[in-house]
Amino acid sequence: MISIYLDDQRTPIEKPSPNSDWVIVRNYEAFVKVVEGVGLENIEVISFDHDLDRSATMHYLQHVKTHYEIDYSKIEEPTGLDAVKWLIAHSLNTGEPLPKCYVHSANPIGSGNMMGLINLYLKNCKRP
């Protein structure tokens, strides 16, 4: 089993569990490649960051902190929300359940968007 840590800058300091080590991925493309490569059934935990590039971070600092909204057209690269959307579509297409998912993003609006989408999917699938 592996655990995936999606973040463009940070690195976790603790193991996710005694049975797993973190596989650190820095962008959306690497995230998709790892999930497809190992399969959802072999992933114990995924921890998501929202802002995965400089344009997302700058948008957060210059707009989101003061306006409490994200204009995704201003972000150049895929975000953690894009990774969550892909993960849910992948789960639907393969029939494999999602692993345990966490959000560690410092962007509160992006975090809420990701957690809301994950929770809605789990609720509709009648999973905890």
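Provided above is the structure to which this section pertains.
Since the structure is predicted, the reported quantities are computational estimates derived from the model, not experimental observations.

Definitions and limits used
The residue count restarts for each chain, going from 1 along the sequence in the order it is written. Selection of residues for local features in this predicted model requires a pLDDT of at least 70, selection of side-chain atom pairs for listing and counting requires 80 or more, and totals for whole chains, interfaces and linings are taken over all residues. By convention in this description, side-chain values take in all heavy atoms of the structure and omit both hydrogens and water. Think of it this way: DSSP has to see at least two bridges between two strands before they count as a pair. Only DSSP runs of H or I covering at least 4 residues are called helices, and only runs of E covering at least 2 are called strands; the numbering of each starts at the N terminus. Note on geometry: axes are C-alpha line fits, over the in-contact stretch for helices, and angles between N-to-C directions span 0 to 180 degrees. Contacts are residue-level and defined by heavy atoms, with any inter-residue pair within 4.5 Å sufficient. Partly exposed residues are those whose accessible area sits between 20% and 50% of the maximum for their type, while under 20% is buried and over 50% is exposed, using a 1.4 Å probe and protein chains only. What qualifies as a polar contact is a pair of N or O atoms within 3.5 Å, subject to a donor-acceptor requirement within protein and to the restriction that residues adjacent in sequence count only when both atoms come from side chains. Paired rings are identified among Phe, Tyr and Trp, the last through its six-membered ring, by centres lying within 6.5 Å, and are further divided according to the angle between planes into stacked (under 30 degrees), edge-to-face (over 60) and tilted (the rest).

As a further point, take the sheet that holds strand β4 (residues 100-103). Spatial ordering of the open sheet is given by β2-β1-β3-β4, a layout of four strands whose pairing is parallel. Both outer strands of the open sheet, β2 (22-25) and β4, are each paired with one neighbouring strand and no more. Going from strand to strand, the sheet's axes swing by 20 degrees on average, the running direction of each strand aside. Here strand β1 (residues 2-6) pairs with β2 via four bridges, running parallel. Across the sheet, Y5 pairs through a bridge with I24, a residue of β2. In the packing of helix α3 (residues 80-94) onto the sheet, contacts are made with β1, β3 (43-48) and β4, and the angle to β3 comes to roughly 150 degrees. Against the sheet, helix α4 (residues 108-124) contacts β3 and β4, and its axis sits at roughly 160 degrees relative to β4.

Another point: the side chain of N107. Examined against the element boundaries, N107 turns out to sit in the loop between β4 and α4. The class of N107 is buried, set by a relative accessible area of 2%. A polar contact of 3.2 Å, which involves the side chain of N107, links it to the side chain of D51. Look past the residues within four positions of N107 in its chain and what remains in contact with it is H50, D51, Y60, V64 and I70.

Remark: the centre distance and the inter-plane angle together describe each pair of aromatic rings, the angle taken between the planes. According to the stated counting rule, one finds three aromatic pairs in the structure shown. Pairing F31 with F48 gives two aromatic rings, centres 5.7 Å apart and planes at 55 degrees, and the pair type is tilted. You can see F31 sitting in helix α1 (residues 28-38) and its partner F48 sitting in strand β3, a full 17 residues away along the chain. For the pair shown, F31 and F48 are each scored as buried. Put simply, the rings of F31, F48 and W86 pair up and form one aromatic cluster.

None of the figures reported here should be taken as evidence of function without further support.
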